[in-house]
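Given next are the chains, with one letter for each unit.
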Amino acid sequence: MSPEKGRESRLSRQLEFVREVDKLKLVVRRTLLMDGSRYENDAEHSWHLCMMALILGEYANQPVDILRVLTMIVVHDLVEIYAGDTFCYDAAANSGKVERERAAADTLFGLLPDDQCEAFREAWEEFEARESPEARFAAAIDRLQPVLHNYATQGAAWKKHGVKRGIVEERNAHIADGSEALWEEFQRIVEDASLKGLFAQD
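Residues numbered from 1 in each chain as written. Predicted model: local features only at pLDDT ≥ 70, side-chain atom pairs only at ≥ 80, totals over all residues. Heavy atoms only, no water.

Caption draft 1: Examining the pairing of strand β1 (residues 28-32) more closely. Summarising the sheet, β1 and strand β2 (residues 39-41) pair through 2 bridges and their orientation is antiparallel. Pairing of V28 across the sheet is with N41, part of β2. With antiparallel pairing between neighbouring strands as the criterion, β1 and β2 make up a hairpin whose turn holds 6 residues, including G36 at a positive phi of roughly 75°. (Pairing = 2+ DSSP bridges. Helix = DSSP H or I, 4+ residues; strand = E, 2+ residues; numbered from the N terminus.)

Caption draft 2: Quick peek at the nonpolar core. Counting 52 residues, the largest nonpolar core has F109, F137 and W158 as its most contacted members. Considering every element that reaches this core, the biggest residue donor is helix α8 (residues 133-152), with 9 residues. Not counting the four nearest positions on each side in its chain, F109 is found in contact with F17, V75, L78, V79, C117, F120, R121 and W124. (Core = buried A, V, L, I, M, F, W, Y, C linked by side-chain atoms within 4.5 Å. Buried < 20%, exposed > 50% of the residue type's maximum accessible area, 1.4 Å probe, protein only. Contact = heavy atoms within 4.5 Å.)

Caption draft 3: Summary view of unusual backbone geometry. Positioned with a positive phi, R130 is a non-glycine residue whose angle comes to about 55°. The topology assignment puts R130 in the loop between α7 (114-129) and α8. For R130, a relative accessible area of 35% puts it in the partly exposed group. With a phi close to 60°, Q154 is a non-glycine residue in the positive phi region. For Q154, the position within the fold is in the loop between α8 and α9 (156-160).

Caption draft 4: Representation of the side chain of S179 within the structure. Here S179 lies in the loop between α11 (175-178) and α12 (180-195). On the basis of relative accessible area, S179 is assigned to the buried category, the value being 0%. Only 2.7 Å separates the side chain of S179 from the backbone oxygen of Y59, close enough to count as a polar contact. Apart from the residues within four sequence positions on either side, S179 is in contact with Y59, A60, N61, F137 and A140. (Polar contact = N/O pair within 3.5 Å; in protein donor to acceptor, adjacent residues only side chain to side chain.)

Treat this as a map of the structure, not an account of what it does.
Printed below as a string of structure tokens:
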């Protein structure tokens, strides 16, 4: 194969991937925008997390490579193009989530040239494992963001889906692994939300 043909093939695969990931804009989450007007999509969620990482990076428990954090943020939800968004408080929907998302990662990242496929897969696996300081911080803000949305919308999604305070605290406990400062803010928000009756009640 000539160098020109090789470049064309590589570029073709990259552009195919670019076209495919546009579908992330179609994946609707169960998180309302902060003004309560509609549900956000996955692409908006990813953008919001990137902004949070840039603004709140100083609160990570350990120094982090923000570029690595941003890479994980923009990659980690791409699998939902095929696997769908799984509501974190839906126990039944979370059954089989790992298998669905791994299969989606195989298909989606496989569209890329081998080196980029490997890099994207590594970033996705790193986020899921939450073992590096960057992954723990990325996961912390991924959990905090919808809490901020629910708080701003007077617990609309929590009430609609019957989500109680205890499960919110349990599901988001690993915020502390990435940022003690953000965990403290989470606890303040949860306490105030409870006092205001923003969670589903028994």
